[in-house]
Amino acid sequence: MNKIDFAFSDLIAGTITEVTYPNEFDSKAYITVTTENNRNFSVKVTTACYAEIVRNLGEPFQNAPSLDDRNSLANLLKPGRLIHAYGIFYPEESGTKFELSTMNKIDFAFSDLIAGT
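Here we summarise the structure given alongside this text.

Definitions and limits used
Residues numbered from 1 in each chain as written. Predicted model: local features only at pLDDT ≥ 70, side-chain atom pairs only at ≥ 80, totals over all residues. Heavy atoms only, no water. Helix = DSSP H or I, 4+ residues; strand = E, 2+ residues; numbered from the N terminus. Core = buried A, V, L, I, M, F, W, Y, C linked by side-chain atoms within 4.5 Å. Buried < 20%, exposed > 50% of the residue type's maximum accessible area, 1.4 Å probe, protein only. Contact = heavy atoms within 4.5 Å. Phe/Tyr/Trp six-rings, centres within 6.5 Å; stacked < 30°, edge-to-face > 60°.

### Considerations on the overall build of the protein chain
Of the regular secondary structure elements, the protein chain holds two helices and five strands. Ordered by position in the sequence, the α and β elements of the protein chain form the string β-β-β-α-β-β-α.

### Points about the environment of Tyr 21
Here Tyr 21 is to be found in the loop between strand 1 (8-20) and strand 2 (27-34). C-alpha of Tyr 21 to C-alpha of Ala 74: the two residues are 53 residues apart in sequence and 9.4 Å apart in space.

### Considerations on the nonpolar core
A general feature of soluble globular proteins is that nonpolar side chains tend to end up buried together. Judged by nonpolar contacts, the single largest core of 20 residues is most densely connected at Ile 31, Val 43, Val 45, Leu 77, Phe 98 and Leu 100. For this core, the secondary-structure elements that each account for two or more residues are strand 1, strand 2, strand 3 (40-53), helix 1 (70-76), strand 4 (82-92) and strand 5 (95-106). The biggest single contributor to this core is strand 3, with five residues. Not counting the four nearest positions on each side in its chain, Val 45 is found in contact with Asp 26, Ser 27, Lys 28, Ala 29, Ile 31, Leu 77 and Leu 100.

### A word on the packing of aromatic side chains
The tally for this structure, following the rule as stated, stands at four aromatic pairs. Ring geometry for Phe 6 versus Phe 8: centroids 5.9 Å apart, planes at 50°, classification tilted. Looking at Phe 6, the relative accessible area reads 46%, which means it is partly exposed. Measuring from ring centre to ring centre gives 4.6 Å for Phe 89 and Phe 98, while their planes differ by 55°; the resulting arrangement is tilted. Overall, Phe 89 belongs to the buried group, its relative accessible area being 10%. Site record: aromatic cluster; members linked through ring pairs are Phe 6, Phe 8, Phe 41, Phe 89 and Phe 98.

So far we have only geometry, and geometry alone does not tell us how the molecule works.
This is the structure:
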């Protein structure tokens, strides 16, 4: 087995199965993403992360609701939600760590986008 001793970026597509909110520097949350083939990834949501709303071709870019607000973050990171998580795998002594930089193509319900709901 080859040991990974370098950082690389990749995309993980799957369903959020668990969300925790640790009180640690540069972390907004940790989520567990389960892929279609039942592989689990622990994903760190950093303070530099942003989310993008799904849009049709030709429509302008739209940020999802702010990740700075705990209520908005909790609304985005619901268990059962399908996401495409783009980030960086970092090698560490305990294994490889994945830090999320962009949540692309979040599976939004229409009510998530309406103010006041």
